[in-house]
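Survey of secondary and tertiary structure
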Amino acid sequence: MQGADPMAGSARGEKDVASALSEVSERSFFASPPLARLPSIPVERSPVASEPVAVPAESIELNAHRQPVRRFGRLRALTLSGLRADATKAVATELDRGAAFLLVPVLLAVGAIVYFSLDAEPDWRALLAATVALAVLTWGVRSRHAAFLCVAAMLLCSVGMLAGKVETWRASTAMLGSEVSTRLTGQVVSIDDMANGRVRLTLDVVSTERPTLRYQPERVRLSARKVPQGLTAGSTITGLVRLLPPTGPVRPDSYDYSFESYFDGIGASGFFLSGPQASAPAPMSLASRITAAIERARDGIADHVRETVGGPEGEIAAALIVGVRAGIPETINEAMRKTGIYHIISISGLHMALVAGTVMALMRGAFALFPGFASRRPTKKYAAAAALFAIAAYLLISGAVVAAERSFIMLAVMLAAVLFDRAALTMRNLAISAIVVIALSPHEVVGPSFQLSFAATAALIGAYAGWGDYRASRQAAAYTRGRSWPGTLLHRFAVMMAGLAATSIIAGGATALFAIWHFQRVAPLSLFANLAVMPIVSILVMPFAVFASLLMPVGLDGPFLYVMGKGLSAMIAMSAWIATLSPLDAVGLVSASSVVLMTIALVIATMTTTWLRLAAIPVAAAGLLTVAQVQTPDVLISEDARLVATPVGGGRLAVNRSRPNAFTIDNWLRALDAETIAKPDPKAFKTAPERLEVVGPPGTPFRCTDDLCVARHISGKVVAQAKSAIAARPACAFADVVVIDDATASDPCRRASIVVITKRQLARSGSAAVFFAPGAAGSVPQVRFAVEKDYRPWHVQRQFSREARGMEPYKRKGRSIPISPEPGPLAGG
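Described in the following lines is the structure provided in the data block. (Residues numbered from 1 in each chain as written. Predicted model: local features only at pLDDT ≥ 70, side-chain atom pairs only at ≥ 80, totals over all residues. Heavy atoms only, no water.)

Side note on the side chain of Ser 433
Relative to the assigned elements, Ser 433 resides in helix H16 (residues 426–440). With a relative accessible area of 0%, Ser 433 lands in the buried category. Excluding residues that lie within four positions of it along the chain, Ser 433 makes contacts with Arg 406, Ile 409, Met 410 and Phe 454. (Helix = DSSP H or I, 4+ residues; strand = E, 2+ residues; numbered from the N terminus. Buried < 20%, exposed > 50% of the residue type's maximum accessible area, 1.4 Å probe, protein only. Contact = heavy atoms within 4.5 Å.)

Shown next, in the form of structure tokens:
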């Protein structure tokens with residue numbers, strides 16, 4: 001029967017069919033035939049005539065009872081054999097609906113995560129051989145459905161691992177092994193004006209001298225107090241610089257910044273010791289000239305927006321238009337993070353969708369002014385093509401970050417579907433974009449941007465698809481009561497606010513555990529903040545940003561940037577006010593098993609369309625129950641051995657330095673769920689303490705002499721930090737953990753019950769965490785380093801520093817910074 005087609009009946013015209021195809025939901029392809037839901041369909045259309053054909057009463061009566069029979073059949077199926085048959089049928093339905101394709105990026109991501117989590121670098125020949133063998137086996141078992149699916153899943157995981165290996169080989173970033181001062185000549189790749197007044201430069205290294213580095217990095221990131229007038233991307237500069245090797249994690253299991261630097265191609269960071277000077281231009285390749293031209297355009301637009309809007313609003317406007325975020329004051333950044341609206345600053349799906357929607361609305365409105373043309377031409381396709389061009393330009397000018405790439409791919413697929421009169425299958429668009437991102441940059445899978453972006457988008461798509469199913473299952477109302485125009489406006493406003501609230505709750509719930517895992521923080525008032533801010537962003541900020549960008553070439557952007565700036569002022573004020581109301585957002589550490597379980601639950605809930613989605617509930621419950629099953633460190637030690645911290649009770653974290661590194665301490669405070677730091681008493685002892693009683697009761701912060709600091713953990717264990725082995729010896733009489741800021745030092749205590757950690761160990765293995773055994777008197781503390789296993793390519797440079805080889809640093813000469821001509825790889829010659 002033609003009327004059983006869920007998308008369109010044969011009596012509809014071609015235009016109706018095309019409209020239905022372009023607007024139909026993904027799940028509508030698999031909906032039950034209309035006769036299976038016939039209480040709301042009293043007639044059917046004849047396949048050859050437009051007159052309605054009477055439906056027999058028996059058919060209506062039969063179909064009216066069909067749905068209750070299916071429900072009671074579900075209850076009768078609660079036996080083992082019935083449940084198994086029902087599950088088999090549901091799995092078959094999911095496969096028919098394309099669930100296998102949706103799992104492709106999931107399995108590729110699993111393979112990439114496994115590769116980047118390995119203790120040692122795998123041999124590419126083994127990975128290639130495994131992939132080929134699985135591909136052959138997949139072909140061999142293609143006639144056995146279950147076996148084919150299992151082997152294909154293994155093949156996709158293997159392909160994900162191989163993709164990670166290929167990207168690692170393709171990057172092959174030369175990374176500096178040790179600190180060194182040299183005169184560097186480089187070509188400017190990008191320029192970022194920082195909020196603190198300094199300028200951050202990314203340079204392609206042309207040459208080094210005094211000393212000449214034999215294993216010089218290809219690209220470095222340096223800061224300077226000032227730069228030559230008129231400096232732009234593509235310019236060549238020279239100056240005396242201090243280069244530092246990429247840093248590792250600030251604590252075990254935290255984000256590895258050397259990993260990020262490796263795949264960003266940054267081999268070293270540092271600063272100019274004197275102001276950089278312009279130098280003779282170096283030859284540039286065609287690709288470099290194109291990149292420099294784009295970067296100059298970005299800088300020019302950013303400068304114009306800053307000058308026109310002014311203040312911090314100008315910095316945020318520049319971030320929204322061209323993706324330049326370095327100049328936003330940290331107080332505003334922190335307020336937006338604390339209120340859960342920092343996603344507004346990061347160019348992602350919201351911005352891409354608003355740009356595409358604004359351009360399409362403008363184009364279709366313009367075409368509507370010419371009725372004759374609009375009636376003869378597919379103006380919707382023209383508008384979609386214009387929107388596709390607009391978001392491509394936006395992606396290019398905004399720096400092409402991961403979230404923007406994912407959003408661009410999704411919207412590009414949807415707009416391409418409009419161009420070819422095809423339905424936009426939203427979840428499939430997400431899967432396609434994930435596959436493309438994983439294929440191009442597998443390392444992004446282990447980063448917070450990829451995880452937060454895709455988790456939020458998948459949850460939103462799944463939730464709204466479920467809501468669409470629920471709405472479709474309800475009987476349509478016989479009529480809609482008319483509303484006055486104030487009532488209509490109020491109704492639409494209520495619907496908009498409800499949609500914003502649902503979006504905030506769904507996206508926040510899906511990403512909460514990932515945010516806690518990576519940043520150890522949540523935003524308790526994010527719902528309130530998003531409800532207050534998002535209407536401003538959607539109505540005043542982003543649309544006017546699009547208008548300003550379109551009119552900027554002809555100089556008519558001023559009024560639109562003015563309105564955009566006023567909207568941003570309101571957004572800043574609201575975020576600052578809500579941040580003052582927000583409770584402490586630090587929540588401590590969560591277990592890796594809970595993150596894995598919640599990820600599995602999210603995949604099940606968003607990718608299934610049958611009752612199998614209920615399987616996500618017990619998995620999510622198990623994830624929530626295991627959140628707190630994580631061992632919190634009792635002592636944290638930085639990789640340079642200069643900073644040590646331990647909890648002393650009352651929400652305080654005792655540190656051994658009066659001016660600790662702010663970034664490191666902020667991470668440690670959130671990880672240990674502490675509120676404040678307890679600074680040391682630098683003159684507590686005239687001589688080094690020799691007895692435990694002198695140190696103080698449990699919970700005593702660091703008390704110091706000139707070269708020794710001691711503190712007492714709330715458990716009673718004693719932590720000491722010394723500048724040398726000689727200075728550490730008095731602490732051997734009572735300390736449980738001794739940290740020595742000397743790469744040449746050996747163990748001065750020589751007692752199995754005392755853990756001694758030297759600068760050499762930290763230089764080779766990164767930051768450390770110490771764990772005390774609860775309630776076990778006399779037990780030896782356990783130490784875990786950030787880089788414990790065999791070096792991966794992004795850690796190889798650690799073994800070449802002077803400290804890692806147990807050597808003293810070069811002595812300073814006068815006011816100059818020491819030059820470290822290291823004989824090892826990636827250091828000076």
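Things to note about the sheet that holds strand E11 (residues 652–655)
The 6 strands are arranged E12-E11-E10-E9-E18-E19 in an open sheet whose pairing can be described as mixed. Each edge of the open sheet carries a strand with a single partner, namely strand E12 (676–678) and strand E19 (782–785). In this sheet, adjacent strand axes meet at a mean angle of 25° when their direction is disregarded. Where E11 and E12 come together, 3 bridges link them in parallel fashion. Across the sheet, Arg 652 pairs through a bridge with Thr 676, a residue of E12. (Pairing = 2+ DSSP bridges. Axes fitted to C-alpha atoms, helices over the stretch in contact; angles between N-to-C directions.)

Things to note about the pattern of salt bridges
Using the criterion set out here, one finds 16 salt bridges in the structure. Between Glu 121 and Lys 165 there is a salt bridge; the shortest N-O distance is 3.0 Å. On the criterion of sequence distance, the pair formed by Glu 121 in the loop between helix H5 (99–117) and helix H6 (124–140) and Lys 165 in helix H7 (residues 145–171) is long-range, its members being 44 residues apart. For Lys 165, a relative accessible area of 14% gives the class buried. A salt bridge links Arg 219 to Asp 204, with the nearest nitrogen and oxygen atoms 2.7 Å apart. Highlighted residues: Arg 219 in strand E5 (residues 219–224) and Asp 204 in strand E4 (residues 199–209), separated in sequence by 15 residues. A relative accessible area of 21% places Asp 204 in the partly exposed class. One connected set of salt bridges, linked through shared partners, spans Glu 330, Glu 334, Arg 337 and Arg 521. (Salt bridge = Lys/Arg side-chain N within 4 Å of Asp/Glu carboxyl O.)

Description of the sheet that holds strand E17 (residues 755–758)
Consider a sheet: its strands pair through backbone hydrogen bonds, and that pairing is either parallel or antiparallel. Sheet architecture is open: 5 strands sit in the order E13-E14-E15-E16-E17, paired in mixed fashion. Of all strands in the sheet, those bounded by a partner on one side alone are strand E13 (703–704) and E17. Of the pairings in the sheet, the one linking strand E14 (residues 708–712) to strand E15 (residues 718–722) comprises 5 bridges and is antiparallel in character. Among the inter-strand pairings, Arg 712 is bridged to a residue of E15, identified as Val 718.

Let's talk about the packing of aromatic side chains
Taken as a whole and judged by the stated rule, the model has 19 aromatic pairs. Ring geometry for Tyr 115 and Phe 116: centres 4.9 Å apart, planes at 70°, overall edge-to-face. On the basis of relative accessibility, which here comes to 10%, the residue Phe 116 falls in the buried class. Summarising the aromatic geometry, the rings of Phe 547 and Phe 560 are spaced 5.7 Å apart at their centres and angled 65° between planes, so their arrangement reads as edge-to-face. Of this pair, Phe 547 sits in helix H19 (residues 526–551) while Phe 560 sits in helix H20 (residues 558–581); the two residues are 13 residues apart in sequence, bridging distant segments of the chain. On the basis of relative accessibility, which here comes to 23%, the residue Phe 560 falls in the partly exposed class. Put simply, the rings of Tyr 115, Phe 116, Phe 259, Tyr 262, Phe 263 and Trp 794 touch in pairs and so form one group of aromatic residues. Across from the ring centre of Trp 139, 4.0 Å away, lies the NZ or CZ of Arg 142, which sits over that ring. One residue, Arg 337, lies across the ring of Tyr 342, its end atom 5.0 Å from the ring centre. (Phe/Tyr/Trp six-rings, centres within 6.5 Å; stacked < 30°, edge-to-face > 60°. Lys NZ or Arg CZ within 6 Å of the ring centre and 35° of its normal.)

Some remarks on the state of the cysteines
Taken as a whole, this structure holds 2 disulfides when the rule is applied. Note on cysteine connectivity: Cys 704 is disulfide-linked to Cys 709, with sulfurs 2.1 Å apart. Measuring handedness by torsion sign, the sulfur bridge of Cys 704 and Cys 709 sits at about 110° and is right-handed. Of the two residues examined, Cys 704 and Cys 709, each falls in the buried class. Between Cys 732 and Cys 749 runs a disulfide, and the two sulfur atoms are separated by 1.9 Å. For the disulfide bridge between Cys 732 and Cys 749, the dihedral angle about the S-S bond is near -75°, and by the sign convention the bridge is left-handed. Remark: Cys 749 occurs in the loop between strand E16 (737–740) and E17 and Cys 732 occurs in the loop between helix H25 (725–728) and E16; sequence separation between them is 17 residues. The pair formed by Cys 732 and Cys 749 is uniform in burial state, with each residue classed as buried. Among the cysteines of the protein that take part in disulfides, numbered as they appear in the sequence, the pairing is 1-2, 3-4. (Disulfide = S-S within 2.5 Å.)

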